[in-house]
Amino acid sequence: VCSSKLPRFFPGEMASKVHPESSAAAPPAPKKAQKKGSRITCCLTESYGYPAAAAASAAAAAPAKGTAAVVPIGTAPVQVQDGIYDCHAHLIDFSQETEGIGQLLKEMDECGVSHAAIFGCPLKKNWSEFEKRISEDVYNDTDILYYFSLTDLYLLNQLKILPPNQAGRFAPCLCGFKPTDRSAVKQVNALIESHPEVIWRGFGKIYGRFSEITNMTAGPVVNPAHPAFYMMMADASQRNMPVVLQHNACSESSKPYKTAFEYICELEDTLQKYSDVQVLWVDCGIYVRGQWAGYKDQLFRMLSENPNLHVSVTSEVLNLQKLTTKELTEMAEQFSDQVMVGSKTMGLFTKAQAYRKEWEIIQKWTGNLSKETAKKVLFSNAQKFYSVKEKKQTVFKADQNSFENKLMHSGTGAIIRTKSDKLHDQASAAKKDAMEPPEKNRMLDGMKDGVLVHDAEIKHVTIDIHLHMLDFLQKSAGTRKILAAMDGCGVEKAVMIGMPCCKKWSMSEPEQPLYYQDDNGQCYFYSYADQMVADAWLALPDVSRKRFAPVMGSFNPTDIAAVDHVERMWTKYPGLWRGLGEVMCRHDDLTSLLMEDETPVINHMALRPIYEWCIEKDLNCMVHQNADRTAEAEDDGDYEYLWEVQQVLEAFPDLKLIWCHAGVSRRTFEENHHEMIDKMVSDYPNLHVDMSWVVWEECVCDPATAKPKKGWAELFEKHPTRFSIGSDQVGQFINPAGGNLLKPEIVKYWTIADVCSPETTKAVLHDNAQRVWFEGWDVPTSDKGGRWVKSEPLMKGELLYHHQGYFEWAGQEMY
């Protein structure tokens with residue numbers, strides 16, 4: 001166990017593994033069979049003690065001859081000096097694995113951590129048939145998480161191998177229950193009553209709203225305002241036990257209308273409803289993504305107005321700097337009784353010396369605190385928080401067992417509002433929406449109806465092969481706005497995509513989301529989007545129809561019968577469709593938000609009839625499929641999901657596959673990505689690469705120059721006919737103030753001319769798309785009569801006020 005490459009164990013297998021260099025003594029020999037509330041030794045019947053009132057009651061009774069009291073796990077005196085109290089030590093990771101409690105003790109000793117609140121992990125990562133290997137990091141793939149109640153017993157088994165003076169260093173907390181299950185309290189009670197050998201010291205860690213963790217977890221969204229959460233809080237109140245909660249203060253959205261800390265309200269309401277329950281808010285509610293301007297004032301107000309609220313400062317919070325080091329220090333000094341410190345390493349404490357590095361960062365920060373504050377933050381606050389307390393004799397009398405079917409959305413008063421006035425300064429947002437557009441959104445002069453009149457401002461004529469007419473609410477500014485925006489940045493033509501997914505407005509969300517990352521609400525496949533694309537295209541005059549190549553793709557790629565939808569749409573509009581797309585397979589957060597638990601993959605059996613159909617019709621198939629896992633800690637050069645793409649191309653060599661975004665999503669690429677793409681286009685002649693969305697900024701370009709890196713420039717020159725560009729602009733194209741939203745997503749590609757030949761530049765920006773999408777297309781024009789006659793516009797063109805976060809039917813324009 002001392003080797004540098006420590007094995008991982010399932011906690012149930014760790015009954016004898018205490019690190020030999022730990023200060024923990026060797027585990028005692030196994031006892032004989034236990035009974036509830038007692039155990040048999042060689043000469044005595046040992047009865048377990050209970051805290052407070054129960055202990056006093058036991059002392060009043062005359063003990064039977066031959067009976068000795070046993071100190072419950074976690075309450076025995078310890079032989080180490082008080083040092084640091086880790087307010088949340090995670091013994092077990094999301095795979096329900098650990099290096100063992102002995103290894104944790106060794107790391108604690110090295111870091112000066114004398115005590116710790118210790119947790120299992122309430123969630124387990126599923127290993128599905130869609131992954132070659134189990135995820136080393138819970139974020140790396142989109143397999144679901146599910147609740148795993150056995151984790152509390154895993155934790156208990158680990159504690160049992162320790163002698164009492166070592167087990168006494170830990171405050172065990174229970175977490176193996178589902179916080180949206182109103183019967184979970186019964187499960188908790190059964191666990192506590194059936195294991196009197198341990199005194200549980202708290203509920204947690206509970207995962208509330210926590211970005212990808214929430215998105216991947218099966219079942220309803222956990223939030224502090226859920227009825228089941230209330231019941232757990234009521235039980236915590238009666239038991240006089242604290243609650244540990246991981247809950248983001250806001251969503252991870254970067255959109256200008258998502259500037260409020262919308263998840264504070266539900267936490268604060270719960271804090272005030274159960275004011276006698278002490279709650280530890282892990283990481284101060286901070287997360288790696290999201291918008292955090294002004295958060296200091298909100299957090300300080302929360303601490304000031306809710307004395308039962310406590311926060312933990314971790315190395316992650318210190319590194320992220322959403323609150324600066326100075327602000328965190330100010331918080332600790334001002335609220336010295338409500339701040340603690342804790343670790344985030346889960347299960348694997350020695351990997352890259354993670355646990356030790358965390359405490360180096362934390363201790364460097366606490367070194368700047370006053371002596372008295374440091375003593376509280378490092379130890380005494382957590383000691384008090386997790387101390388054994390007497391259970392209340394009265395039962396909480398709230399109507400927790402009642403059920404209210406709420407017709408009205410919670411927190412919105414008499415009506416359902418798409419935007420909460422409580423969360424936003426709409427007057428300030430209105431001023432921002434009315435501001436004159438910046439230079440990057442200024443309309444360029446020189447193109448009319450797709451024809452370049454002069455090149456004074458438009459340096460390159462382009463074709464956009466990835467333009468979403470619709471957004472995630474199935475709304476659009478309309479085709480007139482799209483055409484005007486295209487003229488305003490030199491886009492001659494575009495591939496017109498709908499949006500296969502629609503964002504659900506969940507009952508747990510305080511306001512309507514406008515983008516898939518705006519909250520934890522699910523997405524679902526929305527097949528009517530294809531009809532909306534057809535309706536919009538048929539309402540165009542012939543001169544405009546020729547500028548758009550419509551595609552359909554609003555089907556579930558895990559449905560073997562999805563080809564029936566495709567065939568129906570083709571039968572209805574034969575010759576209109578130029579291909580299928582964007583078929584949503586492996587994505588980043590979007591995949592985990594889709595309501596199906598089955599992972600959509602490019603080589604799914606349901607897509608076989610789709611590919612066969614495309615080959616039969618000689619049409620393109622544009623697919624979003626990540627080449628690699630998301631957010632891997634290291635660039636290992638291995639593309640986890642590349643084989644799935646290769647399998648499709650080998651099985652269907654005649655398939656005209658358009659690989660969206662070159663297989664990249666947010667946080668999903670390797671440094672040698674261009675080398676992988678080079679091999680793919682060399683091996684598969686029918687593969688065409690769509691360079692739209694984040695691949696350009698995150699992967700292709702040098703951040704210092706905004707120009708393609710040398711490796712990518714050489715790749716374009718080597719394969720000049722295999723790449724096209726796209727905006728991936730969604731729904732909105734000209735804002736209410738007249739700014740061109742499409743422009744920055746197009747002109748960014750002009751820098752290719754700085755590193756490539758004029759011939760390659762023209763091919764990538766225009767000619768390849770013309771050949772792949774438009775060449776040879778007999779456009780169904782109105783003069784062909786029948787179904788192709790120009791139809792009346794049927795849909796409202798709705799403009800989004802980006803800062804205010806609402807849509808307006810501007811000028812009653814239809815498209």
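It should be emphasised that the depicted structure is a prediction, and the values quoted were computed from it without experimental measurement.

Colleague: Break down the pairing of strand β18 (residues 491-497) for me, citing the residues and quoting the values.
Modeller: For β18, the buried fraction is high: six of the seven residues fall into the buried class. Bridge count for strand β17 (residues 462-468) against β18 is five bridges, and the pairing is parallel. Along β18, the bridge assignment pairs Asp464 with Ala494. Once the chain exits β17 it traverses helix α15 (residues 479-487) before rejoining the sheet at β18, and the crossover so formed is right-handed. Sheet analysis places β18 next to strand β21 (residues 548-550), joined by three bridges and oriented parallel. Bridge assignment links Val495 to a residue of β21, and that residue is Ala549.

Colleague: How would you summarise the pattern of salt bridges if you had to cite specific residues and measurements?
Modeller: Within this structure, the stated rule accounts for 43 salt bridges. With a shortest N-O distance of 3.4 Å, Arg629 and Glu131 are connected by a salt bridge. With a gap of 498 residues between them, Arg629 in the loop between β23 (620-624) and α21 (642-651) and Glu131 in the loop between β7 (123-125) and β8 (145-147) connect regions that are remote in the sequence. There is no split in this pair, since Arg629 and Glu131 are both buried. Note that Lys718 is salt-bridged to Asp678, the shortest N-O span being 3.0 Å. Here the residue Lys718 occupies a position in helix α24 (residues 710-718), and Asp678 occupies one in helix α22 (residues 673-683), the gap between them amounting to 40 residues. On the accessibility criterion, Lys718 (52% relative accessible area) is exposed. Residues participating in the shared-partner salt-bridge network are Lys125, Glu131, Arg133, Asp141, Arg586, Arg629, Glu640 and Glu644.

Colleague: Which residues make up the pairing of β23, and what values go with them?
Modeller: In terms of residue burial, β23 counts as a mostly covered element, since five of its five residues are buried. Residues Asn620, Met622 and His624 of β23 are buried on one face, and the alternating residues Cys621 and Val623, pointing to the opposite face, are buried as well. Of the pairings in the sheet, the one linking strand β22 (residues 579-584) to β23 comprises four bridges and is parallel in character. When the bridges of β23 are listed, Gly579 appears paired with Asn620.

Colleague: Account for the environment of Met496, naming residues and giving values.
Modeller: For Met496, the location among the structural elements is in strand β18. In this structure Met496 comes out as buried when scored by relative accessible area, which is 0%. In the structure, Met496 is positioned 85 residues away from Gly581 in sequence and 9.4 Å away in space, judged by C-alpha atoms. Excluding its chain neighbours within four sequence positions, the residues that come into contact with Met496 are Leu467, Met469, Thr479, Val533, Phe548, Ala549, Pro550 and Val551.

Rules of the game
Residues numbered from 1 in each chain as written. Predicted model: local features only at pLDDT ≥ 70, side-chain atom pairs only at ≥ 80, totals over all residues. Heavy atoms only, no water. Buried < 20%, exposed > 50% of the residue type's maximum accessible area, 1.4 Å probe, protein only. Helix = DSSP H or I, 4+ residues; strand = E, 2+ residues; numbered from the N terminus. Pairing = 2+ DSSP bridges. Right-handed = clockwise from strand over helix to strand, strands pointing away. Salt bridge = Lys/Arg side-chain N within 4 Å of Asp/Glu carboxyl O. Contact = heavy atoms within 4.5 Å.

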